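# Fold and geometry: a report
Spelled out, the chains give:
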Amino acid sequence: MTAYVIAKVKATGDEEELAEYRAQVQATLEPYGGRYLVRGGAVEVLEGDPEPGRIVVLEFPDAETARAWNDSPEYQRIAPLRIRNTESDRLIVTGL
């Protein structure tokens, strides 16, 4: 069953490191069948945090594959660039 990694990300640090992360993350998705459905873009807040930051939605074939991507050496090598320079909420949601 399709699964989605949903992230709410607020930049708090070095923009150069974040640009490096963004440039490298796509290549980590491809071996796991992951793809972007949403990567930033305009946000209209209907309820909640008035400044949600950047919203990212990734699609994977299933939750196991999403976790495998997240835990992969390729992703874990670049994850510190995001972790050091953002406040992030991330979760996996299983689709219908």
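Check the entry above for the structure.
First, a word on scope: everything that follows refers to the structure included in this document. The model shown is predicted, which means the values in this text are computed figures rather than measured ones.

The next subject is the sheet that holds strand β4 (residues 86–94). Across the sheet, 4 strands lie side by side as β2-β3-β1-β4; this open sheet has antiparallel pairing. If you trace the sheet from one side to the other, it starts and ends with β2 (35–39) and β4, each paired once. Sheet twist, expressed as the mean angle between neighbouring strand axes with direction ignored, is 20 degrees. Strand direction decides the pairing type here: strand β1 (residues 3–11) and β4, joined by 9 bridges, are antiparallel. Within β4, the residue paired with Tyr4 across the bridge is Val93.

What follows covers the nonpolar core. Nonpolar side chains in soluble globular proteins generally cluster together in the buried interior. Counting 15 residues, the largest nonpolar core has Leu58, Phe60, Trp69 and Tyr75 as the members making the most contacts within it. Elements that contribute at least two residues to this core include exactly β1, α1 (15–29), β3 (54–60), α2 (63–71) and α3 (73–85). Broken down by element, the residue count for this core peaks at 4 residues, all from α3.

All right, on to the pattern of salt bridges then. Counting across every chain of the model gives 7 salt bridges. Across the salt bridge formed by Arg84 and Glu17, the nearest N and O atoms sit 3.0 Å from each other. Taken as a pair, Arg84 in helix α3 and Glu17 in helix α1 lie far apart in primary sequence, 67 residues in all. A relative accessible area of 22% means that Glu17 is categorised as partly exposed. One salt bridge in this structure joins Glu59 and Arg35, with 2.7 Å as the shortest N-O distance. Here the residue Glu59 occupies a position in strand β3, and Arg35 occupies one in strand β2, the gap between them amounting to 24 residues.

Criteria and cut-off values
- The numbering scheme is per chain: residues are counted from 1 as the chain's sequence reads.
- Owing to the predicted nature of the model, reporting of local features is limited to residues with pLDDT of at least 70; listing and counting of side-chain atom pairs is limited to 80 or more, with chain, interface and lining totals taken over all residues.
- Excluding hydrogens and water, the side-chain values take into account all heavy atoms of the structure.
- A pair of strands is treated as paired once DSSP finds two or more bridges between them.
- Helical segments are the DSSP runs of H or I of at least four residues, strand segments are the runs of E of at least two, and each set is numbered from the N terminus.
- To obtain an axis, a line is fitted to C-alpha atoms, over the contacting stretch when the element is a helix, and the angle between two such axes runs from 0 to 180 degrees between their N-to-C directions.
- Throughout, nonpolar core names a set of buried Ala, Val, Leu, Ile, Met, Phe, Trp, Tyr and Cys residues whose side chains join them through atoms within 4.5 Å.
- Summary of the burial criterion: residues with accessible area below 20% of their type's maximum are buried, those above 50% are exposed, and those between are partly exposed, where the area comes from a 1.4 Å probe applied to protein chains only.
- Any carboxyl oxygen of Asp or Glu that lies within 4 Å of a side-chain nitrogen of Lys or Arg is treated as forming a salt bridge with it.

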